[in-house]
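Structural overview for review
Listed here are the chains, written in short residue letters.
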Amino acid sequence: MRALLLFACLALEAPLLQAQPIPFAPPERLDGRIAESAFDTDLADLTGDGRLDVVVANYDFDDEAVSVFENLGGTFSGSPFANAIATDRPEALALADFDGDGRIDVAVFNADDDQITVSFNQGGSLSAASAVASGVDGIDDLVAADLNGDGRLDLIADLRDELVFFPNDGSGGFGAAQRIAGIGANGIAAADLTGDGRPDVLANSFADDGVVFFENDGTGTFTKRTVGTTDNLGGNDVATGDLDGDGDADVIATIGEGLTGDGRVVWFRNDGSGSFGAAQFVADGILAAQEAVAADLDGDGDLDVAAVGGTSLRAQGDVVVATNDGTGSFGPTQELSTSLSRPLSIAAGDVDGDGDADVVVGRALAVTLFRSEANGNPPPPPPPSEDTAAPLLAGGISGARFEGTARDDRADDTGLATVMLRDATNLALDVDAFAAGAERTDFTVTLQQGRQQGTGFVVATDVAGNESVLWICSDGCPPPDDPPPPPPPGDDTVAPIVSGSIQGNRFVGDATDGGTDASGIASVRLAGDAVNLTLAVDPFAEGAAAVGFTLRLQNPRQPGSGTIEATDVAGNTGTLFVDSQDRNRATASAASAALPDAPTLDMAYPNPFTASATVRFGLPEAQPVRVVVYDVTGRTVAVLGDGVAEAGWHEARLDGTVLPSGVYLVRFEAGDTQTTQKLLRVR
């Protein structure tokens, strides 16, 4: 049975809240025809619009054997793909880019003719099904992963009594089956379980083997290793996910236990090398537990688990979720439904774009969607380009201070970016901490020396770049006829340098103007990738040579990460990425230009990223270098460098707009150096 393979990189270094039940909206039935047995349900962006579509294998329905529900932005309708996938009783699906064109293709096991086929996505339609293998029997699961390290996705299948893979030849075809092991399995998965950057093959055996995996040496040789040794562990599904937040893939398994309602889900903790601890509780009381999937259902940065249980011998089955507290401890099993007709397959992903994963269940005659409401389903913010109105500035004298408010009250509410002083004399500005995009903030202007007159402008800028100015004078003097224009850029082409360090539960840093003409700092702000951080900037007048700042966690029980951006008067920007889960990793983009002693992969930033990430590496001398980005199945998603590079530091940009949310691996190879780094894309 298929399961969505997800990882989470965020870890907590503070006390954790007890796992709480996750709020879900009432179940929704997607409009479309589904067979008596929806043996496989998957999520993938088939239409190329950045949204997750729903794909279902209908085992008993002859006319529309594979159904596709197109995601129209949180609502679903029939898709032009639906009638294009002609199959005979499909039982298993694998959705992946098999031909390397950036579009998701569809592989299907057809039980009627014992054949595996692939239909290639042509950007609005699917090609006719091409045969991968014939005469194959008893397949429960198909998985895509690059097992031989050639950058192409191979196809893994669990035959009746052995595991095999079909190597992708790179031309839209697949080679003959290559044997992984002689073992029968109900569920399989692929993930890097040993930390060597190569996907291994995981199986939940229905025989005496229990849960095992086959370590991949990259040459086509696989070594069997044990995951679970619990009695009667032979079961149904298997999946992977980083449940304890330590950066490696743990193992999840379902145990059916027949029709007694005693089915359960367990997990095994990975120490990072492929050695696993004893089975630990996830959920129980599941009728004939079938499939489980790991996803962040409550939007708190760790992986929760959803599972289904059902059988063709009983009219109704169970859908449950278990909430992770961030360490791999799960709260009481939460029932989403006990009355769905024969739920057999499950997938999870953020189908409505609200930042938490939703649950999709394939069942008899229908597909049911359970929307997580952990984040309250907030509407996405409008694009900044729509905002043409300047912020509002207001306030008045109160004793020796001016107390004011900056507010962006447009209907689209793009939010504030900066509040600062310009052309100030003998004034100091104190701005309440706010993250970029806040609707409003309060500020106070005080005299630096009470016996001297203070004058200047308070300047507020919103995210879209609109600016307002407010004249401040301690003696009530009239404002000048025209507000001051921004200082000319001049000849400054050097970005500010942003640096700092963890001090207790805070990150304390400085932004320093690195330009030789010292045009000065204009703003210090958090970029849009900030998660759970607040920024407090020391009072400064625009043009100051250096500015101090402090970062704090909004919720001290949750991890935080984000990029600090410092901009000088000339418009140059320097950045620093800070991650609370790894207190030693904070890297400025304006780092020293000194050559490294050996080929070095610097920390990519921002991480997590949304639209793009920058991968930075250094070379002590000119030499061949290769920088490749893979997804967790081993599929190549981008080649950022492949050739001879000069000595020095280099940067390459990864475009994330075409990538689904999840974990990606950056592989850096230069000389004898081989380094892998994890990136997390979030929406």
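Residues numbered from 1 in each chain as written. Predicted model: local features only at pLDDT ≥ 70, side-chain atom pairs only at ≥ 80, totals over all residues. Heavy atoms only, no water.

The next subject is the overall build of the chain. A count of helices and strands for the chain gives 0 helices and 50 strands. In the chain, which comprises 683 residues, the proportion classed as buried is 55%. In the chain, 52% of the contacts between residues at least 6 apart in sequence involve partners at least 24 apart. In the form shown here, the chain has an accessible surface area of approximately 26800 Å², with 46% of it arising from carbon and sulfur atoms. (Helix = DSSP H or I, 4+ residues; strand = E, 2+ residues; numbered from the N terminus. Buried < 20%, exposed > 50% of the residue type's maximum accessible area, 1.4 Å probe, protein only. Contact = heavy atoms within 4.5 Å. Areas by Shrake-Rupley, 256 points an atom, 1.4 Å probe, with all protein chains shown as cover.)

Counting 23 residues, the largest nonpolar core has F98, I116, L142, L155 and F166 as the members making the most contacts within it. Elements with a contribution of two residues or more to this core: β6 (90–96), β7 (105–110), β8 (115–119), β9 (130–134), β10 (142–145), β11 (154–158) and β12 (163–166). Here this core takes 3 residues from β6, the largest share from any one element. In this structure F166 touches I116, V132, A133, V136, D154, L155, A157, F174, G175, A176 and A177, once residues within four positions along its chain are discounted. (Core = buried A, V, L, I, M, F, W, Y, C linked by side-chain atoms within 4.5 Å.)

Looking at where S372 falls in the secondary structure, it is placed in the loop between β28 (366–370) and β29 (392–398). Residue class for S372 comes out buried when judged on its relative accessible area of 0%. The spacing of S372 and D352 is 20 residues in sequence and 9.4 Å in space, taken between C-alpha atoms. At a separation of 3.3 Å, a polar atom in the side chain of S372 contacts the main-chain amide nitrogen of A374. (Polar contact = N/O pair within 3.5 Å; in protein donor to acceptor, adjacent residues only side chain to side chain.)

Before going further, it helps to examine the pattern of salt bridges. Applying the stated rule across the entire model yields 14 salt bridges. For D244, the salt bridge goes to R269, with nearest N and O atoms at 3.0 Å. Residue D244 is located in the loop between β18 (238–241) and β19 (250–255), and its partner R269 is located in the loop between β20 (263–268) and β21 (280–286); the two are separated by 25 residues in the primary sequence. With its nearest N and O atoms 3.5 Å apart, the salt bridge here joins R667 to E669. (Salt bridge = Lys/Arg side-chain N within 4 Å of Asp/Glu carboxyl O.)

With that settled, the discussion passes to unusual backbone geometry. Residue D114 is not a glycine yet carries a positive backbone phi of 50 degrees. Residue position: D114 is located in the loop between β7 and β8.

A word on the pairing of strand β2 (residues 38–44). Counting buried residues along β2, 7 of its 7 residues qualify, which places the element largely inside the surrounding structure. Pairing between β2 and strand β3 (residues 53–58): 6 bridges, direction antiparallel. Within β3, the residue paired with L43 across the bridge is V54. (Pairing = 2+ DSSP bridges.)

Applying the stated criterion across every chain yields a total of 6 aromatic pairs. Aromatic pair F98 and F174: ring centres 5.7 Å apart, planes at 75 degrees, arrangement edge-to-face. One end of the pair, F98, is in the loop between β6 and β7; the other, F174, is in the loop between β12 and β13 (178–181), and 76 residues separate them in sequence. Each member of the pair, F98 together with F174, is buried. Between F165 and F222, the aromatic rings sit 6.1 Å apart at their centres with planes inclined by 70 degrees, giving edge-to-face as the arrangement. Within this pair, whereas F165 is found in strand β12, its partner F222 is found in strand β17 (residues 222–228), the two being separated by 57 residues in sequence. (Phe/Tyr/Trp six-rings, centres within 6.5 Å; stacked < 30°, edge-to-face > 60°.)

What follows deals with the sheet that holds strand β26 (residues 345–349). Strand pairing in a sheet relies on backbone hydrogen bonds, with the paired strands running either antiparallel or parallel. Spatial ordering of the open sheet is given by β1-β28-β27-β26, a layout of 4 strands whose pairing is antiparallel. Looking at the sheet topology across the chains shown, the edges are occupied by β1 (28–29) and β26. Pairing between strand β27 (residues 358–363) and β28: 5 bridges, direction antiparallel. The partner of R363 across the bridge, within β28, is A366.

Before going further, it helps to examine the side chain of T41. Mapped onto the fold, T41 is located in strand β2. Reaching out from T41, the side chain makes a polar contact with the side chain of S345 at a distance of 2.6 Å. Here G362 takes part through its backbone nitrogen, which lies 3.5 Å from a polar atom of the side chain of T41. With residues near it in sequence (within four places) discarded, T41 still touches V54, V55, V56, S345, I346, A347, V360 and G362.

With that out of the way, let us pick up the sheet that holds strand β22 (residues 289–295). Ordered in space as β22-β23-β24-β25, the 4 strands form an open sheet in which the pairing is antiparallel. Two strands close off the open sheet at either side, each with one partner strand: β22 and β25 (334–341). Neighbouring strand axes in the sheet, compared pairwise and without regard to direction, differ in orientation by 15 degrees on average. Judged from the 5 bridges that link them, strand β24 (residues 316–322) and β25 form a sheet pairing that is antiparallel. Note that in β25 the partner of V320 across the bridge is E335. (Axes fitted to C-alpha atoms, helices over the stretch in contact; angles between N-to-C directions.)

What follows deals with the environment of P660. Structurally, P660 can be placed in the loop between β48 (648–655) and β49 (662–670). C-alpha of P660 to C-alpha of D350: the two residues are 310 residues apart in sequence and 10.0 Å apart in space.

Here the focus is the environment of G456. Along the chain, G456 turns up in strand β34 (residues 455–462). With 29 residues separating them in the primary sequence, G456 and L427 have C-alpha atoms 7.3 Å apart. If near-sequence neighbours (up to four positions away) are discounted, G456 is found in contact with R422, D423, A424, L427, L470, W471 and I472.

The subject of this paragraph is the side chain of D298. Its place among the elements puts D298 in the loop between β22 and β23 (304–309). Beyond its immediate sequence surroundings of up to four residues, D298 is in contact with I22, D304, T323, D356, A374 and N375.

This part covers the confidence of the model for the chain. Regions with low pLDDT should not have their predicted coordinates read in detail. When pLDDT is averaged along the chain, the result is 77; 79% of the residues meet or exceed 70. When the criterion is pLDDT under 50, residues 1–18 qualifies, and its contacts beyond four places in sequence or with other chains add up to 79 contacts. Low confidence marks residues 582–593, where pLDDT is under 50. Its contacts with residues over four positions away, or in another chain, come to 31 contacts. (pLDDT = per-residue confidence, 0-100.)

What follows is about the pairing of strand β38 (residues 521–526). Burial runs high along β38: 6 of the 6 residues are buried. In the sheet, β38 pairs with strand β41 (residues 561–568) via 5 bridges, with the strands oriented antiparallel. When the sheet's bridge partners are listed, R525 is paired in β41 with E565.

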